[in-house]
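Residues per chain, in single letters:
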Amino acid sequence: MHPARAQIPVPAMKRRLGCLVGLTLLAAHLPAAAQSPALDEVRRVAGEDNRVQDHLRVLTRRYGPRLTGSEVLYDAQVWALETFRSFGLEARLERWGEFPVGFHRGPSSARVTAPAERELECITRCWSAGTLGPVEGRAVVTPRNHEELEALRADLPGAWILGRRLGRDERRAWERELAGDDEGADGTRLLEELEEAFDAACEEAGIAGRVRSGPADGLLVTGGNHRVDPDDLPEEVSITLRGDQFREVMEDIEAGHEVRLEFDIDNRFVPGPIDLYNVIADLEGTEFPDEYVIVQAHIDSWDGAQGACDNGTGTSTTLEAARLLAGLGLRPRRTIRFILYGGEEQGLLGSAAYVEQHAEELERVSIVLNHDNGPNPLKGISATEAMLADFERVFAPVKELDSERPFEVLEGDGIRGGASDHASFVNKGVPGFHWIQNQEGYRHVHHTQHDTFEYADADDQAFNATVVALSAWGFAQLDGLVDRTNMRAPQPRRMGIQLDGNRVARVTPGMRAAEAGWKVDDVILSIDGVETTSRGKVVRELQQGGPSKSFVLRRGEEEVASTLDYSDDPDEPRRKEAAVERGRRRERRARERAERRRGQAGDEEGSEDG
Ligand SMILES: [Zn+2]
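As a starting point, this report considers the structure included with it. Note that the structure is predicted; figures quoted are calculated from it, not measured.

A short note on the coordination of the zinc ion
Then comes step 1: Within the protein, the atoms that donate to the zinc ion are H298 (NE2), D310 (OD), D372 (OD) and D372 (OD), at distances of 1.9 to 2.6 Å.
Then comes step 2: Considering all four donor atoms around the zinc ion, angles at the metal cover 53 to 146 degrees and the coordination shape is irregular.
Then comes step 3: Counting residues between consecutive donors of the zinc ion along the chain gives the motif H-x11-D-x61-D. Residue H298 is located in strand β9 (residues 288-298), and its partner D372 is located in the loop between β11 (365-370) and β12 (378-383); the two are separated by 74 residues in the primary sequence. Each member of the pair, H298 together with D372, is buried.

As C-alpha cells, this is what we get:
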C-alpha cells in the first residue's frame, strides 16, 4: 500500500451534458419494466453530474500508461481501490500472480545528428534494453552481399544498423539475386549464410544497436514479452523508427551522405518477482448476495502513450457505473461486482487467474459485461434466443436513453468469446459479453503513440457509463440468472487447409482434407453443386446445409470428386440447432416487416380518407 496516495478525492466537477440532460422527461414513455424510481435517479445523476471523464483524466494524466508489473499500475490500482471505497463499496486488491522482472520506461529521445539535425520519433518493446544515456553513431544499412559486408566492416563499431523491412516477394528476389546464374544454388541458404556472417561481424565489432522501420502509416505500435530471465536480461538495443522517418534516413544514405543517429532510451528492468493484482469491488445484493452480475474492464495498458482508450475508457465507465449506483445508495437484488484486471495485454492473465480463483462461484455468475472496445458509443449487445426476453427487458431503458446514440439487442448464434477478459468466462461456460461498438478511428490509437485522453469524447463516455450502470442494475434486478441454454456459438467447420482464392495453398497433415487425399494446388470448383469461384464462396458454402459435403476439385488436368464428412464432429448437433434458430429468426423478421408494411398502408389509407 502507498499511504501517500491513500486518500485521493475524486475531483468534483459539475458538468451539464446537453444530450443527457432531460432524460428523466423520457421516463413517462418507457415500458413498465424500465420505470422505477431507482432508474430515474441514475438517469438524472448520469445526465446532470457525470464524472466519467474525471476518472479518465486522473488515470491517464496523473498516472499515465499502466504496464502490468509497473509501479504506475500498482499505484493506479490502489487509487481505483480507494475510489470504489469512497463510493461506499467493499473493495480489495486480489493477488493473481507475479512477473519475474518488472519494466519501467523513462523518457526517450531520438535524432539525426548529421548531415542535418532533426528530431525523430521511435519506440522500443517493453522488457527490452535501453541505451544508458545518449548513444551517437553512424547509420549503416544491412549489406546485400558479401562484398558489401566486407566494405562496411570498418564502419560497424558503435554503428546503428538499419534493417530492411522485406515482404515475402522481396526476400525471394534477394535470394535469387544471391544465387545469380548458378542454377543449382540454394538462394534461401545463401541469404541465411549472409545474415549469419553479418550478425557475427556486428557482434565482433560491438554495434550500438539495431533500428528498423515502423509501418508506412506512421503508427508506432507498442508490445513486448514479459517472460524474461532475470539472470539473463536482454541486452540488445532494438528500436523501431517511424516509417516515414526511416525512409528519409535510407534516402539520405542512398544519396551518398554519411548519416549519424543519436538515441537516448531510458528503459529499466525492475528486480522481481513483482506481485500482480486485480481490483475487486462489491455492491452487495439484498436478496441473492452470492449471485453476481460482473461489470469489468482491464486497467493495465501498453506504455507507448497514456492507455486512454485501451483501456482507460473501460476502466472509467466501470468506476462511474459504480459511483452512479452505489453513490445513490441503491441496493440491488443480487450482488454487482466491479473488477479491474491487470495482465490483459499479456494474454488475459488477470481474468484467467480470476476464473480459477473463483471457480466455485462461476455457476452463480449471471452475466459478465466487459468494456474494452474503445471510446465510441456502445451501440448494442448480442443475445441468444434463450436470453432474448430478459435482454429486451434489461435494455429497454438503454434503448430510450439517447436518440442520437441508438442501442440494439441483436439475436445471434451464440457467444464466441473474443480477445478480451470476457473470453476467460466464456471458456468456463459463463455468459460473457463485450459491447458492440463502432471501431471507426480505433486503429489509429489502439496500442499506438496516439492513445491519449483527448481521443475519448466526453459525451460518448458519459453515455457509455450510463449504459453500463443501467444494464448492470437491470440484470441484478431480474428474477433469475441469465439463461445459458445453447449459449456457445458452434465452431465453424474446418477443412485443415489454407486457401489462396479457391486454390489450396497448404494442407495440414492429419486434418480432414489431408485424410481425403487433397493436394497443394487443388482448385475447389464446387461444394454440393454450388460453384465456388472465390475464397469467400468456399468458406460460406462449407458452413451451409448437412454434415456431408461433396466437392469437385481440379487437380492438374482432371476433375476429382471428394467428400468431407463432418457427422463425427462434436459441434455438428449445435450447428444444426443454430441453423434452425437462424431460420426461425428469418421468418420472424419477415413477418415483422410484413406487419409494418400493412401498418403503413393502413396509415396512408387513413390519411387519404381524412
Ligand atoms: Zn484492451
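Focus: a positive patch on the surface
Then comes step 1: Among the surface-exposed residues, R586, R589, R593, R596, R597 and R598 lie close enough to one another that they form a single positively charged patch.
Then comes step 2: With respect to the helices, strands and loops of the structure, R598 is situated in helix α17 (residues 572-609).

Observations regarding the pattern of salt bridges
Pairing between side chains of opposite charge can happen when their charged atoms approach one another.
Then comes step 1: Here the structure, examined in full by the defined rule, presents 59 salt bridges.
Then comes step 2: Residue R575 pairs with D569 through a salt bridge whose shortest N-O separation is 3.2 Å.
Then comes step 3: Exposure remark for D569: the relative accessible area of 14% places this residue in the buried category.

Considering the packing of aromatic side chains
Centre-to-centre distance and the angle between the planes together describe a pair of aromatic rings.
Then comes step 1: The tally for this structure, following the rule as stated, stands at 17 aromatic pairs.
Then comes step 2: On the basis of an interplanar angle of 50 degrees and a centroid distance of 5.8 Å, the ring pair of F391 and F395 is categorised as tilted. Taken together, the positions of F391 and F395, both in helix α11 (residues 388-399) and four residues apart, correspond to about one turn of that helix. Both residues of the pair, F391 and F395, count as buried.
Then comes step 3: Summarising the aromatic geometry, the rings of W518 and F551 are spaced 4.9 Å apart at their centres and angled 75 degrees between planes, so their arrangement reads as edge-to-face. With W518 in the loop between α15 (512-515) and β18 (523-527) and F551 in strand β20 (residues 548-555), this residue pair connects regions lying 33 residues apart in the sequence.
Then comes step 4: Classification of F551 as buried rests on a relative accessible area of 2%.
Then comes step 5: Ring-pair connections join several aromatic residues into one group, and the members of that group are F391, F395, F407, F433, W435 and F475.

Focus: the sheet that holds strand β13 (residues 408-411)
Then comes step 1: Taken together, three strands build an open sheet; the order of strands is β13-β12-β15 and the sheet is mixed. In the strand order of this sheet, the two ends are held by β13 and β15 (436-437), each with one partner.
Then comes step 2: By the bridge criterion, two bridges tie β12 to β15 in an arrangement that is antiparallel. Bridging from a neighbouring strand, L378 pairs with Q437 of β15.
Then comes step 3: Packing of α11 onto the sheet brings it into contact with β12 and β13, and relative to β13 it is tilted by some 160 degrees.

Definitions and cut-offs
Throughout this description, residue numbers start from 1 for each chain and increase along the sequence as written. In keeping with the model being predicted, local features are shown solely for residues with a pLDDT of at least 70 and side-chain atom pairs are shown and tallied solely at 80 or more, while totals for entire chains, interfaces and linings include all residues. In computing side-chain properties, one takes all heavy atoms of the structure into account and sets aside hydrogens as well as water. Metal sites are built from N, O and S donor atoms within 2.8 Å, or 3.2 Å for Na, K and Ca, and they leave out water, so they may look incomplete. Sites are called tetrahedral only when four donors show all angles between 85 and 135 degrees, square planar or octahedral only when four or six donors show opposite pairs over 155 degrees and all other angles between 65 and 115, and irregular in any remaining case. Secondary structure elements are taken from DSSP: a helix is a run of H or I of four residues or more, a strand is a run of E of two residues or more, and numbering for both begins at the N terminus. Using a 1.4 Å probe on the protein chains alone, a residue whose accessible area is under 20% of its type maximum counts as buried, one over 50% counts as exposed, and one in between counts as partly exposed. Put simply, a patch holds well-exposed residues, over 30% relative accessible area, that have no salt bridge, with like charges counted together within 9 Å and Val, Leu, Ile, Met, Phe, Trp or Tyr side chains within 5 Å. Per-residue accessibility takes into account occlusion by the displayed protein chains alone, with areas from the Shrake-Rupley method and a 1.4 Å probe. Each reported salt bridge corresponds to a side-chain nitrogen of Lys or Arg within 4 Å of a carboxyl oxygen of Asp or Glu. Positive charge is attributed to Lys and Arg, negative charge to Asp and Glu, and no charge count is given to His or to the chain ends. Here the site of a charge means atom NZ of a Lys, CZ of an Arg, CG of an Asp or CD of a Glu. What counts as a ring pair is set by centres within 6.5 Å for rings of Phe, Tyr and Trp (its six-membered ring), and what kind of pair is set by the plane angle: stacked under 30 degrees, edge-to-face over 60, tilted for all other angles. A pair of strands is considered paired only if DSSP assigns at least 2 bridges between the two. Residue contacts are defined here by distance: any two heavy atoms, one from each residue, within 4.5 Å place the two residues in contact. To define axes, lines are fitted to C-alpha atoms, for helices over the stretch in contact only, and angles between the resulting N-to-C directions are given on a 0 to 180 degree scale.

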